[in-house]
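# Fold and contact review
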Amino acid sequence: GESVGLHLPTLSVQEGDNSIINCAYSNSASDYFIWYKQESGKGPQFIIDIRSNMDKRQGQRVTVLLNKTVKHLSLQIAATQPGDSAVYFCAERYTGGFKTIFGAGTRLFVKA
Amino acid sequence: EAGVTQFPSHSVIEKGQTVTLRCDPISGHDNLYWYRRVMGKEIKFLLHFVKESKQDESGMPNNRFLAERTGGTYSTLKVQPAELEDSGVYFCASSQRLEGGFTFGSGTRLTVV
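Residues numbered from 1 in each chain as written. Chains lettered and ligands numbered in written order. Predicted model: local features only at pLDDT ≥ 70, side-chain atom pairs only at ≥ 80, totals over all residues. Heavy atoms only, no water.

## Quick word on the side chain of Gln38(A)
Take Gln38(A): it is sitting in strand S4 (residues 30-38). A distance of 3.0 Å separates a polar side-chain atom of Gln38(A) from the backbone oxygen of Lys42(A). Apart from residues lying up to four places away in sequence, Gln38(A) is in contact with Gly43(A), Pro44(A), Ala86(A), Val87(A), Phe89(A), Arg37(B) and Phe91(B). (Helix = DSSP H or I, 4+ residues; strand = E, 2+ residues; numbered from the N terminus. Polar contact = N/O pair within 3.5 Å; in protein donor to acceptor, adjacent residues only side chain to side chain. Contact = heavy atoms within 4.5 Å.)

## Here's the deal with the interface of chain B and chain A
Each partner contributes to the interface: chain B provides 21 residues, whereas chain A provides 20 residues. In this assembly, chain B packs against chain A so that about 1600 Å² is buried in total across both faces, 57% of it on carbon and sulfur atoms. Where chain B meets chain A, there are 0 salt bridges. Joining chain B to chain A, the criterion identifies 2 residue pairs in polar contact (both at pLDDT 80 or more). Looking at the side of chain B that touches chain A residue by residue, the classes come out as 8 nonpolar, 8 polar and 5 charged. (Buried area = accessible area lost by both parts, 1.4 Å probe. Salt bridge = Lys/Arg side-chain N within 4 Å of Asp/Glu carboxyl O. Nonpolar A, V, L, I, M, F, W, Y, C, P; charged D, E, K, R; others polar.)

## Observations regarding the packing of aromatic side chains
Residues and elements named next belong to chain A. Applying the stated rule across the entire model yields 14 aromatic pairs over all chains. Relative to Phe-102, the ring of Phe-89 has its centre 6.4 Å away and its plane inclined at 80°; by these criteria the two rings are edge-to-face. Residue Phe-89 is located in strand S9 (residues 86-94), and its partner Phe-102 is located in strand S10 (residues 101-102); the two are separated by 13 residues in the primary sequence. The exposure class assigned to Phe-89 is buried, which follows from its relative accessible area of 0%. A relative accessible area of 2% means that Phe-102 is categorised as buried. (Phe/Tyr/Trp six-rings, centres within 6.5 Å; stacked < 30°, edge-to-face > 60°. Buried < 20%, exposed > 50% of the residue type's maximum accessible area, 1.4 Å probe, protein only.)

## Some points on the confidence of the model for chain A
For chain A, per-residue confidence averages 89 on the pLDDT scale, and residues scoring 70 or more make up 90% of the total. Strand S1 (residues 4-5) of chain A is the least confidently modelled element of chain A, averaging 48 in pLDDT, while strand S7 (residues 62-67) of chain A averages 98, the highest of any element. (pLDDT = per-residue confidence, 0-100.)

## Points about the sheet that holds strand S1 (residues 5-7) of chain B
Where strands meet in a sheet, backbone hydrogen bonds hold them as pairs that are either parallel or antiparallel. Residues and elements named next belong to chain B. One open sheet holds the 4 strands; their spatial order is S1-S3-S8-S7, and the pairing between them is antiparallel. Of all strands in the sheet, those bounded by a partner on one side alone are S1 and strand S7 (65-68). The average undirected angle you get between the axes of adjacent strands in this sheet is 15°. Here 3 bridges tie S1 to strand S3 (residues 19-24), and the two strands are oriented antiparallel to one another. The residue of S3 that forms the bridge with Thr-5 is Asp-24. (Pairing = 2+ DSSP bridges. Axes fitted to C-alpha atoms, helices over the stretch in contact; angles between N-to-C directions.)

## A few points about the state of the cysteines
Per the stated rule, a full pass over the model turns up 2 disulfides over all chains. Through a disulfide, Cys23(A) is tied to Cys90(A); the S-S separation comes to 1.8 Å. Looking along the S-S bond of the Cys23(A)-Cys90(A) disulfide, the torsion reads about 50°, which is the right-handed sense. A residue pair is termed long-range when its members are at least 10 positions apart, and Cys23(A) in strand S3 (residues 19-25) and Cys90(A) in strand S9 qualify at 67 residues. Cys23(B) shares a disulfide with Cys92(B); S-S distance 1.8 Å. The disulfide joining Cys23(B) to Cys92(B) has a torsion of about -65° about its S-S bond and is therefore left-handed. Taken together, the residues Cys23(B) in strand S3 and Cys92(B) in strand S9 (residues 88-95) connect sequence positions 69 residues apart. (Disulfide = S-S within 2.5 Å.)

Right, dumping it as structure tokens:
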């Protein structure tokens, strides 16, 4: 069945370093991908999205890369800050579908 | 604008009891979604409303779960009778369009003991 998974459940980085959070998806029909950030006690918050006709999209300090050949998605955070500590979820949606499928999440720890 | 509001934020009930969760979406958002996260696992889709109609309820685990959205405004999710495996965080989200991301509420943490 369809699945969206993550390579690493936890990631620890030093403040100021760049972070890379990876995600694999299995449904080749997926055409829209989203990264969410969830802080403790809050709901997931939209960070950035990308459509399947793109392979890279940049936001403020964040970049999402999409490799459709290997069905891989990554989120890069530049100059990671303590406020970036959270659980990050990748999510996918497939053509004509309404539901968004989430992965298990990766917890990012930022060490000061 | 006010965000997505969920009530209660926490609920502890005994197995066999009934619990009703409420979600108030952002005003004007026709799309309303329920998701839940169990035991720190992935966030799983439960169902999707477009206005008052159920667009997709394929994620509802069984007939102990009943979701309603009367009038196309707020939504309720009732669990009756609750079982231990129903424990988790229930998220509601809303969106104006099908494209784009959702705005999530802070969730209701349900504990069934």
